[in-house]
Amino acid sequence: MIQFAQIIFILSVLVILHEFGHYITAKMFKMRVEKFYLFMDAGFALVKKKIGETEWGIGWLPLGGYVKISGMIDESMDTEQMQSEPQPWEFRSKPAWQRLIVMLGGIIVNILLAWLIYTIMYASVGQKYISSEKLQQNGLAFGEVGEKVGFKNGDKIISVDGKLQPKFNWLIVDVLLSNEVVVERNGKQVKLHLTDEQIGEILGSEGKNFVKPRFEISEGITIDSISSKSNFKVGDQIKGIKEQKFVYFDQIKDYLKANKNKSVDFIITRNAKDTVISVPVNKEGSIGIGETVFPNLRTRLLDVYVQEVESGSNAEKAGLQNKDGIVGVQGQKIKTLNEFTDYLKANKNKEIILQVVRDGVAMDIITKVNEKGKLGIMFNAFDKKQYQVINHLSISEAIPAAIKESWQMLVYNVKQFKLILKPKTGAYKQIKSPIGIARQLPETWDWEFVWNFTALFSIGLAFMNLLPIPGLDGGHALFTIVEMVTGKKLSDKAAGYVQTAGMVILLTLMAFTFGKDIYQWVMDILSRK
């Protein structure tokens, strides 16, 4: 429910301010605003009240919102008033340049909102991002699809279309939108050119997770889950392979792929003792261990937090939540994840007191360790803090930095739209409705995340409304610009037909994206039963 509460809050802020952009510019040019609605009131409204000449309300259908301006054919599809003579307070009676400003008012407010949020965030909590340089100091590790399209474990991305994006999250987007990627491989530069089909394969399977930082074996790979046929046991810590020394875990994976249907001698630590076990490698190059491993158990416990609480577990019953930070047990400070998991194994079936920090508030939580030495929680396996850059900016520095960030986000929206228009990439399948977006939001309320996401979404909403599609602000603006250039205005009858066609297209797209996301949501629920 927290996820959906967040998306409703974000949508409400964006819709209200977007429509306020239309409202304030309409009032500025003395146009009459008949309605101002958050969400659509198809059939009925949840709340409505008339103040002056404007009816203010909240609709029941969370698909945007609208401002109804007299003398304009808009989302309300009310054409009745167009039958009478134009009145001086009507939209249609005003000069084209005034109508154009009203049409662009919402888009302008969305861009200003993003700029304002970024400015405040940079000047308060700082400009934060995962550094491309820091994260790939030891090279990168790629999933199966990443290797298939030409990347190799250990590659460092040194440029994408001639530039290196300093923010790693956007660097990966750059790769998926690129014409040319240059990587450093064994001291040499290698150029890669991804085809639309290869990009589609990445988007359809691993998405942005097709590339990750490399993890050193010296820091330990502790097995968290196994298949029934595995010679490993849960809790075993992989140290390496007997006949060959490796530095990174992905090197072991490559070794296994090269030794399918063979037995490999692994050096492991089990019950605090080093030993060697012979492990059969299957025809897929797998050894039967689960994907949920802790690649860096020597990470400081202070630097990580609870990522997932298993349903029905002792942790859930005790009240542990996502984003909780565990800083100690029984009043004793625990420094590393390794120490914490060792403590749990030594206290099976016992009740313990955890020292927890939640939203900056310290608290004690009493819980019980199960017979396997577990609580039913999973930590974030990727410690972002070690790769994070935080630039604390003054207001004078934050303002231009926020403008630059807003512009870059707009550019990325244009690039991603171009990708969607390429059918072979299958990028159109990745379009999500508010339901799909909500399911990707964190399950705990994080104001820093909410406001950053609001700024990002605000730029996306501005770009979407700029598209010259009938029914969107960009469609209205296009016809107005044509009128300003040619001196010819689209007839009210033709405008009605165009608006109807645009609404049909938009509603069809909405039905498709909502249907897809609801279907996926239901299937995910059924798969967990």
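A. Region of interest: the sheet that holds strand β16 (residues 351-358). In spatial order, the strands read β15-β14-β16-β17; together these 4 strands make up an open sheet with antiparallel pairing. Strand pairing shows two members of the sheet lacking a second neighbour, β15 (332-333) and β17 (361-368), which therefore form its edges. In the sheet, strand β14 (residues 325-329) pairs with β15 via 2 bridges, with the strands oriented antiparallel. Opposite Val-329, over in β15, you have Gln-332 as the bridge partner.

B. Quick peek at the confidence of the model for the chain. Within the chain, residue pLDDT values average 82, and 84% of them lie at 70 or more. Low pLDDT, under 50, characterises residues 290-298; the predicted model gives this stretch 35 contacts beyond four residues in sequence or across chains.

C. Here's a closer look at a nonpolar patch on the surface. Residues Phe-44, Leu-46, Val-47, Ile-58 and Trp-60 make up a contiguous nonpolar surface patch of roughly 480 Å² in combined accessible area. Of all the secondary-structure elements, those providing two or more residues to the nonpolar patch are β1 (33-51) and β2 (54-69). The element that contributes the greatest number of residues to the nonpolar patch is β1, accounting for 3 residues. Within the secondary structure, Val-47 is located in strand β1.

D. Region of the structure containing helix α6 (residues 196-205). Among all positions of α6, only Ile-199, Gly-200, Ile-202 and Leu-203 are buried. Looking straight down α6, one finds that the buried residues subtend no more than 160 degrees of arc, so they occupy a single side. Buried positions along α6 lie against α4 (144-148), α5 (168-176) and α10 (395-420). In the stretch just after α6, Gly-207 is the one whose phi turns positive, near 60 degrees.

E. Helix α12 (residues 447-466), seen in detail. Given a rise of 1.5 Å per residue, 20 residues ought to cover 28 Å, and the 28 Å separating the end C-alpha atoms of α12 matches this to within 8%. Among the residues of α12, those classed as buried are Val-450, Phe-453, Thr-454, Ala-455, Ser-458, Ile-459, Gly-460, Leu-461, Ala-462, Phe-463 and Asn-465. Of the surrounding secondary structure, the elements contacted by the buried residues of α12 are α1 (2-28), α2 (96-124), α10, α11 (434-438) and α13 (473-486).

F. Quick look at empty space enclosed by the protein. A full pass over the atoms with the stated rule returns 2 cavities of 30 Å³ or more. Of the pockets and cavities examined, the largest cavity occupies roughly 360 Å³. Put simply, the parts of the chain that give the lining of the largest cavity at least two residues each are α2, α13 and α14 (492-527). No other element matches the 5 residues that α13 contributes to the lining of the largest cavity. Here the lining of the largest cavity is composed, by residue class, of 10 nonpolar, 7 polar and 5 charged.

G. Quick peek at the nonpolar core. Core analysis: the biggest nonpolar cluster contains 59 residues, and Phe-151, Ile-157, Phe-168, Val-175, Val-181 and Phe-210 have the highest contact counts within it. Once residues lying within four places of it in the same chain are set aside, the contact partners of Ile-157 are Gln-136, Leu-140, Leu-164, Leu-171, Val-175, Val-181, Val-182 and Val-183. Core analysis: the next-biggest nonpolar cluster, separate from the first, contains 17 residues, Val-306, Ile-326, Ile-352 and Leu-375 among them.

H. How the structure looks around the pattern of salt bridges. Per the counting criterion, the structure on display carries 12 salt bridges. Glu-34 is paired through a salt bridge with Lys-68; the nearest N and O atoms lie 3.8 Å apart. Of the two residues, Glu-34 sits in strand β1 while Lys-68 sits in strand β2, which places them 34 residues apart along the sequence. Given the relative accessible area of 25%, Glu-34 is considered partly exposed.

I. How the structure looks around the sheet that holds strand β6 (residues 181-185). Here 3 strands make up an open sheet; going across it, the order is β5-β6-β7 and the pairing antiparallel. At either end of the open sheet lies a strand with only one pairing partner, and these are β5 (156-160) and β7 (188-192). Averaged over all adjacent pairs, the angle separating strand axes in this sheet is 30 degrees, with direction ignored. Taken together, the 5 bridges between β6 and β7 define a ladder with antiparallel strand orientation. Residue Val-182 lies in a different strand from β7, and its bridge partner there is Lys-191. Across the sheet, α5 lies against β5 and β6, angled at about 65 degrees from β5, the strand it touches most.

J. Quick peek at a positive patch on the surface. Together, Lys-163, Lys-415, Lys-418 and Lys-422 make up a positively charged patch on the protein surface. Relative to the helices and strands, Lys-422 resides in the loop between α10 and α11.

K. Here's a closer look at the packing of α1 against α12. One way to put it is that α1 packs onto α12 with a least axis distance of 10 Å and a crossing angle of 45 degrees. Relative to α12, the element α1 lies oblique. Note that α1 runs across α12; the crossing there is right-handed. Contacts from Gln-6, Ile-7, Phe-9, Ile-10, Leu-11, Val-13, Leu-14 and His-18 in α1 reach Trp-447, Phe-449, Val-450, Trp-451, Phe-453, Thr-454, Phe-457, Ser-458, Leu-461 and Asn-465 in α12. When its residues are assigned to classes, the contact of α1 with α12 shows 13 nonpolar, 5 polar and no charged.

Criteria and cut-off values
Residues numbered from 1 in each chain as written. Predicted model: local features only at pLDDT ≥ 70, side-chain atom pairs only at ≥ 80, totals over all residues. Heavy atoms only, no water. Pairing = 2+ DSSP bridges. Helix = DSSP H or I, 4+ residues; strand = E, 2+ residues; numbered from the N terminus. pLDDT = per-residue confidence, 0-100. Contact = heavy atoms within 4.5 Å. Patch = residues over 30% accessible without salt bridge, like charges linked within 9 Å, V, L, I, M, F, W, Y side chains within 5 Å. Areas by Shrake-Rupley, 256 points an atom, 1.4 Å probe, with all protein chains shown as cover. Salt bridge = Lys/Arg side-chain N within 4 Å of Asp/Glu carboxyl O. Buried < 20%, exposed > 50% of the residue type's maximum accessible area, 1.4 Å probe, protein only. Arc of directions from axis to C-beta. Expected span 1.5 Å × (residues − 1). 1 Å grid on protein atoms, 1.4 Å probe; cavity = no way out; pocket = protein on both sides within 12 Å on 5 of 7 lines; lining within 4 Å. Points joined across faces, edges and corners; volume = space filled by probe spheres on them. Nonpolar A, V, L, I, M, F, W, Y, C, P; charged D, E, K, R; others polar. Core = buried A, V, L, I, M, F, W, Y, C linked by side-chain atoms within 4.5 Å. Axes fitted to C-alpha atoms, helices over the stretch in contact; angles between N-to-C directions. Lys, Arg positive; Asp, Glu negative; His and termini not counted. Charge placed at Lys NZ, Arg CZ, Asp CG, Glu CD. Parallel < 35°, antiparallel > 145°, perpendicular 65-115°, else oblique. Left-handed = near helix turned anticlockwise from the far one by under 90°.

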